[in-house]
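# Understanding the architecture of this molecule
Read off the chains here:
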Amino acid sequence: MPAQVPALLIAIGFVVCWSSGFVGGRLASELDTPVLDLFAWRFLLAALLVALWCRLTLGALPAIRDMRREMLVGSLTMGGYLLGVIVAIDLGVSVGITALIAALQPLLAAALAGRWLGERLGAYGWLGMVLATLGVALCVGDDMQRSLAAPGWAYLLPLLSVAAVTLGSLLAVRQPSVLPLPTALLAQLLAAGGIFLVAAWVMGGKLTAPGFEPAVLVAMSWLVVLSSLGGYGFFVASLRRLGVTLTSALVHLTPGVTLLWAAAMFGERLGPTGLAGMALAGAGAGLAIRSARRSGPTRRGPDARRGPRTWSADETRDAAHRAPSRASPY
């Protein structure tokens, strides 16, 4: 149906751009510039571009006081999530183990969304989540070739990343905002940039400017355009349009897309276990997505006593224009 086309495009854009972040991390790790410094510049440059977007489309830049809540969301979904993953890898936790721990996020989001948001996931949805997580584990296990020494507490950092992005997602939906998408994205990028500025200063005592070598320009362009503007832009749009549960289910599709990126750009190939894992993750994600679409977010308030009623995407979007700010769909 025509009404489903925007939701489908948002879902596809989110999966493609979110998976590009892993490739961007691979590109950034091969540079001489410290990773924390590069990520700080990445978010600041992305924020500058979105600020220009706001100026052109909205006619003025938003005030900081109007963006405080969105900055809190961004500090969790962007800053906290990426900082925990990057520092864990820097301390010696393998990329495979970090990715495996991060893959627990959709299950945590689905569990909490049912309690806090009324986005209940049925039995098939939970089965799909479990199968998708097992599939991700097989993909990661196939890719793991060596173990890096790391202190025991470093393995808690990816768990903190999972908690941060889940809490930020739930906060974004449970306490809605009426800010336009460019303004919301600007606030979140500024918050993430601030977190990485502080982290870079704490770790290195200064902020190293990236050079203008071709490899640096390619990595920065990739991280800013695809991973920052595309990935988090579609992330915000997906939360608004599709909800926490369905957005989290889509995360399970990103490992397979990432593997396609890696095969095309770096010549990496999957073994039999990895292929089986990718197929299992895709099947599980399909079950979870279908269940999430059927259940949808449930309406809260006085009408709840008459039994749960699910809202369609169109009803949710229309309600944003009729209700006060706390009832908008973000």
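Residues numbered from 1 in each chain as written. Predicted model: local features only at pLDDT ≥ 70, side-chain atom pairs only at ≥ 80, totals over all residues. Heavy atoms only, no water.

### A few points about helix α2 (residues 35–58)
With 24 residues, α2 extends 34 Å between its outermost C-alpha atoms, agreeing within 8% with the 34 Å of an ideal straight helix rising 1.5 Å per residue. For α2, the elements touching its buried residues are α1 (4–29), α3 (64–91), α8 (181–204) and α9 (214–242). Looking one or two places after α2, you find G59, whose phi comes out positive at around 90°. (Helix = DSSP H or I, 4+ residues; strand = E, 2+ residues; numbered from the N terminus. Expected span 1.5 Å × (residues − 1). Contact = heavy atoms within 4.5 Å.)

### Observations regarding the packing of aromatic side chains
Here the distance between the centres and the angle between the planes together describe a pair of aromatic rings. Following the criterion strictly, the structure yields nine aromatic pairs and no others. Arranged with centres 5.0 Å apart and planes meeting at 75°, the rings of W222 and W261 form a pair that is edge-to-face. Of this pair, W222 sits in helix α9 while W261 sits in helix α11 (residues 254–266), and the two are 39 residues apart along the sequence. Since its relative accessible area comes to 22%, W261 is described here as partly exposed. An aromatic cluster of three or more residues is present, and its members are F14, W18, Y81, Y232 and F235. For R42, the ring lying beneath its charged end belongs to F43, and the centroid distance is 4.7 Å. (Phe/Tyr/Trp six-rings, centres within 6.5 Å; stacked < 30°, edge-to-face > 60°. Buried < 20%, exposed > 50% of the residue type's maximum accessible area, 1.4 Å probe, protein only. Lys NZ or Arg CZ within 6 Å of the ring centre and 35° of its normal.)

### Section: the packing of α1 against α9
Geometrically, a packed helix pair is captured by the angle between its two axes and the distance between the axes. Where α1 meets α9, the axes come as close as 7 Å, and the angle between the chain directions of the two elements is 145°. Crossing hand, α1 versus α9: left-handed. Of the residues belonging to the contact of α1 with α9, the class tally is 20 nonpolar, nine polar and one charged. (Axes fitted to C-alpha atoms, helices over the stretch in contact; angles between N-to-C directions. Left-handed = near helix turned anticlockwise from the far one by under 90°. Nonpolar A, V, L, I, M, F, W, Y, C, P; charged D, E, K, R; others polar.)

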